[in-house]
Amino acid sequence: MERKEFRDLASPAAAREAIDSLSLEAGIDRVSLEDARGRVLVARLDAELDVPGFDRASLDGYALRARDTFGADEADPARLEVVGAVHAGAQPDVELADGQAVEISTGAVMPDGADAMVPVERTDTDETDGEGANDVLIRTSVAPGDNVMFAGADVAAGERALGPGTRITPRDIGLLSALGIDEVPVRGRPAVGIVSTGDELVRPGGDLESDRGEIYDVNSYTIAAGVEDAGGEAVLYPHAGDEQDEMERILREAADECDLVLSSGSTSASAVDVIYRVIEEQGELLLHGVSVKPGKPMLVGRLQGSAYIGLPGYPVSAMMVFRTFVAPAIRAAAGLPEPTAATVSGRMARQERHGEGRLRLMPVGVVTDVDAEPLVYPVDKGSGATTSLAEADGVVEVGPETDYLEAGEPVTVQLFSPDVRPPTLLGVGEDDPTLNRLLDRLENPRYLSVGSRPGLRRLREGVPDVAVVAGPTDREHEADELGGWSREWGLIVRPGNPAEVEGLADLVDRDLRFVNRTTDSGLRSSLEAAVDDLAAHRDGSPRDLRESIDGFDLGLRAHESPARKVISGDVDVGLGLRETAERLDLAFVSLGEQPVRVLANPDRTGKKSVRELETVLENETGTESEP
């Protein structure tokens, strides 16, 4: 198959221009009031009746003629004859004459002859004869119109109620309800067909065969949520495999039914990525490749009269391109304004290099310093890591002319939504089950399990509030120790220990398959120290002993991962914790106790969330910080 190469990458401005040339509008819908919230009116709505449609009392009290109260006060009240009562929803059956009043409820129709009303708190009743006839004593004077809402006072017939372009809110629905309008004309929501490509994809909830390289489909649901948030109507289609005929069939189906087709994956220039060929042959390819990172392989075109945009396959790349280029186009087609108040101004927590000559859409997190000022740090595990999205709060756009951002340099973060709340506490370091329980006691913490060594490095850079480290480390850092705990570490084996593993020597001397932790892990550091001790005891080389362990260099990131390899039968022994082995009903061979320490950034020890973590540590583990 001929391989298509990227040649001249389009600028971000050219990409926006190409997308603006597409037609995404979905016409006009007529929707009921119950479905109208958030929709955008396409025509002016005028009132066809007065609201209210009658003169009504604003309070509970007495309807009367204002002139009958002139001069009345607390010392000399006016006495009026009560000749009836009017309640809300009832038609008055009385007409007032001079010297008369009618008891009236809030919202009731003012009777003929009445031009004002007095609230009940400014009156007293007075029985004048034995047959129960009552007079009312009015202890204040009122003017005509007092405490009365006249017909049309809220909205008068013929007035402009709502104009075109209004995004309907609950209060607008209240107004429309008052006008008796039960259906409104609104902009149609663009139907956006979503097609994820790749033979390796499985929908969440389906059976995953990792041995075949299958992964759960992240993009379909993530992009669909973005489409709905931008005012579109997401339509999910079955996965398209990497075979061109099948891909073409699904894309055609989506184009027939939707205003815009969004695909993810198969957009690059490799020999197996064929979507651009489908668009070239069956539609019109306007653009292939944009000078932006991440997201270079974006496609823009038309297919069977529908707009088409191809997103990269990696989740981070797909969502960065979607929110930067596609979401604004969907909002414009739906008549929705760009979101406001969704930015944060802060300072870079550390230096970040770029210098690639492309616009960079950099996912970032936000943490606050001791003075509650925002600090911004990059969150970038690569475009294929979905946790880059989960751990980020927004995006900083870095221009192609920028080689690096200095620590302390002001930046503007475009938050993923106005609802984003930066974490109260940012921690980094070792993965540990005890730590997970401690974090549950705090309000809105964020913890990045990067390992002990990277945790210390980031603490030296001044980014996190705290770092959690375990085992021996190459170098220490000037930090305040908040507390810690001890955990039992060792070898995890199958239930009953059928291989009769007794200790580290079995890994060296026997043909056992082993899986380690990554070099960033504190457990790995403790294991390496134990191997060094064994080598010294045997007068051998630590390097030789490590090479004799089958799988010593195979490192997994999370503390449960080696145990799950044992469960699957891929290995005989895994490095881990007793707590993990017991939770997963596995056997355990202890190699010792390992201290875990929580270190605080010296500049953040006065931060409220750091003090709260110190208290939780003391209460839950019984340890106190060093003086």
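The rules behind these values
Residues numbered from 1 in each chain as written. Predicted model: local features only at pLDDT ≥ 70, side-chain atom pairs only at ≥ 80, totals over all residues. Heavy atoms only, no water. Helix = DSSP H or I, 4+ residues; strand = E, 2+ residues; numbered from the N terminus. Rg over C-alpha atoms; globule rule 2.2 N^0.38 Å. Buried < 20%, exposed > 50% of the residue type's maximum accessible area, 1.4 Å probe, protein only. Contact = heavy atoms within 4.5 Å. Areas by Shrake-Rupley, 256 points an atom, 1.4 Å probe, with all protein chains shown as cover. Lys, Arg positive; Asp, Glu negative; His and termini not counted. Charge placed at Lys NZ, Arg CZ, Asp CG, Glu CD. 1 Å grid on protein atoms, 1.4 Å probe; cavity = no way out; pocket = protein on both sides within 12 Å on 5 of 7 lines; lining within 4 Å. Points joined across faces, edges and corners; volume = space filled by probe spheres on them. Nonpolar A, V, L, I, M, F, W, Y, C, P; charged D, E, K, R; others polar. Axes fitted to C-alpha atoms, helices over the stretch in contact; angles between N-to-C directions. Parallel < 35°, antiparallel > 145°, perpendicular 65-115°, else oblique. Left-handed = near helix turned anticlockwise from the far one by under 90°. Core = buried A, V, L, I, M, F, W, Y, C linked by side-chain atoms within 4.5 Å. Pairing = 2+ DSSP bridges. Polar contact = N/O pair within 3.5 Å; in protein donor to acceptor, adjacent residues only side chain to side chain. Phe/Tyr/Trp six-rings, centres within 6.5 Å; stacked < 30°, edge-to-face > 60°. Lys NZ or Arg CZ within 6 Å of the ring centre and 35° of its normal. Expected span 1.5 Å × (residues − 1).

## Brief notes about the overall build of the protein chain
Alright, step 1. Each helix and strand counted, the protein chain has 15 helices and 36 strands in total.
Alright, step 2. Expected size for 627 residues packed as a compact globule is a radius of gyration near 25 Å; at 36 Å, the protein chain overshoots this value by more than 25%.
Alright, step 3. Along the longest, intermediate and shortest principal axes, the C-alpha atoms of the protein chain span 120 × 70 × 50 Å.
Alright, step 4. Split into buried and exposed, the 627 residues of the protein chain put 48% on the buried side.
Alright, step 5. Long-range contacts, defined as pairs at least 24 residues apart, comprise 71% of the intrachain contacts of the protein chain with a sequence gap of at least 6.
Alright, step 6. Counting every atom, the protein chain has about 29100 Å² of accessible surface; 44% of that belongs to carbon and sulfur.
Alright, step 7. If you average the places of the 63 positive and of the 117 negative side-chain charges in the protein chain, the two averages end up 7 Å apart.

## Description of the layout of surface pockets
Alright, step 1. Considered as a void within the structure, the largest pocket measures approximately 1100 Å³ in volume.
Alright, step 2. If you go around the largest pocket, you meet 39 residues; those closest to its centre are Asp229, Ala230, Arg331, Pro339 and Phe416.
Alright, step 3. Secondary-structure elements contributing two or more residues to the lining of the largest pocket are α3 (219–229), α6 (315–334) and β28 (410–415).
Alright, step 4. Counting residues per element, the lining of the largest pocket draws most heavily on α6, at nine residues.
Alright, step 5. Of the residues that constitute the lining of the largest pocket, the class distribution is 17 nonpolar, nine polar and 13 charged.

## A word on the packing of α3 against α6
Alright, step 1. Running from N to C, α3 and α6 point in directions that differ by 25 degrees, and their axes come no closer than 10 Å. Relative to α6, the element α3 lies roughly parallel. Crossing angle aside, the handedness with which α3 passes α6 is right-handed. Between α3 and α6, the residues in contact are Asn219, Thr222, Ile223, Gly226 and Val227 and Pro315, Ala318, Met319, Phe322 and Ile330, respectively.
Alright, step 2. Of the residues belonging to the contact of α3 with α6, the class tally is seven nonpolar, three polar and no charged.

## What to know about the nonpolar core
Alright, step 1. If you look at the biggest cluster of nonpolar residues, it comprises 38 residues, and the most contacted ones within it are Leu262 and Phe322.
Alright, step 2. Breaking this core down by element, the ones donating at least two residues are α1 (12–20), β13 (191–196), α3, β17 (260–264), β21 (306–311), α6 and β24 (359–368).
Alright, step 3. Ranked by residues supplied to this core, first place goes to α6 with 12 residues.
Alright, step 4. Contact partners of Leu262, with chain neighbours within four places excluded, come to Val192, Gly193, Ile194, Val195, Ile223, Val227, Ile309, Leu311, Phe322 and Val326.
Alright, step 5. With 22 residues, the next largest nonpolar core counts Leu491, Leu504, Ile549 and Phe552 among its residues.

## A word on the packing of helix α4 (residues 244–257) against helix α5 (residues 275–282)
Alright, step 1. Where α4 meets α5, the axes come as close as 10 Å, and the angle between the chain directions of the two elements is 60 degrees. The orientation of α4 relative to α5 falls into the category oblique. As α4 packs across α5, the resulting crossing turns out to be right-handed. Here Gln244, Met247, Glu248, Leu251 and Arg252 of α4 lie close against α5, whose contacting residues are Ile275, Arg277, Val278, Glu281 and Gln282.
Alright, step 2. In terms of residue class, the contact of α4 with α5 is built from four nonpolar, two polar and four charged.

## Here we look at empty space enclosed by the protein
Over the atoms a probe the size of a water molecule is rolled, and this reveals where empty space is left.
Alright, step 1. Inspection of the entire model under this criterion finds two cavities of 30 Å³ or more.
Alright, step 2. Space inside the largest cavity adds up to approximately 50 Å³.
Alright, step 3. As for the largest cavity, its lining consists of Gly429, Asp431, Ser449, Val450, Gly451, Arg517, Thr518, Asp520, Ser521 and Arg557.
Alright, step 4. The residue makeup of the lining of the largest cavity, split by class, is one nonpolar, five polar and four charged.
Alright, step 5. Approximately 30 Å³ is the volume attributed to the second largest cavity.

## Some details on the sheet that holds strand β20 (residues 299–303)
Alright, step 1. Spatial strand order, β16-β13-β17-β21-β20-β18: six strands in an open sheet with mixed pairing. Since the sheet does not close on itself, it has two edges, and those belong to β16 (233–236) and β18 (283–288), each with one partner. Here the average twist between neighbouring strands, direction ignored, is 20 degrees.
Alright, step 2. Along the sheet, α1 contacts β18, β20 and β21; its crossing angle with β18, the most-contacted strand, is approximately 160 degrees.

## Some words on the side chain of Arg604
Alright, step 1. Tracing the sequence through the fold places Arg604 in the loop between β36 (587–600) and α15 (608–621).
Alright, step 2. Within polar-contact distance, the side chain of Arg604 engages the backbone oxygen of Val463 at 3.2 Å.
Alright, step 3. Sequence-distant contacts of Arg604, defined by excluding residues within four places in its chain, comprise Val367, Thr368, Asp369, Val370, Leu375, Gly462, Val463, Pro464, Asp465 and Val610.

## What to know about the sheet that holds strand β35 (residues 573–577)
Alright, step 1. Spatial ordering of the open sheet is given by β30-β29-β31-β36-β32-β35-β33-β34, a layout of eight strands whose pairing is mixed. For this open sheet the edge positions go to β30 (445–449) and β34 (555–556), each flanked by a neighbour on one side alone.
Alright, step 2. Here strand β33 (residues 514–517) runs beside β35; their pairing, made up of two bridges, is parallel. The residue of β35 that forms the bridge with Val515 is Gly574.

## Notes on the packing of aromatic side chains
Alright, step 1. Considering all chains together, one arrives at zero aromatic pairs under this definition.
Alright, step 2. The lysine or arginine in question, Arg353, covers the ring of Tyr404, its NZ or CZ lying 5.6 Å from the ring centre.

## Remarks on the side chain of Ser306
Alright, step 1. Within the secondary structure, Ser306 sits in strand β21.
Alright, step 2. By relative accessible area, which is 6% here, Ser306 ends up buried.
Alright, step 3. Of note is the side chain of Ser306, whose polar atom sits 2.6 Å from the backbone oxygen of Ala255.

## Quick look at helix α11 (residues 522–537)
Alright, step 1. Along its 16 residues, α11 runs 23 Å from first to last C-alpha, staying within 8% of the 22 Å computed at 1.5 Å per residue.
Alright, step 2. Gly522, Leu523, Arg524, Ser525, Ser526, Leu527, Glu528, Val531, Leu534 and Ala535 are the residues of α11 that are buried.
Alright, step 3. In this structure Ser521 caps α11, since a side-chain oxygen of it lies 3.0 Å from the backbone nitrogen of Leu523.
Alright, step 4. Of the residues flanking the end of α11, it is Asp539, one or two places downstream, whose phi is positive at about 55 degrees.

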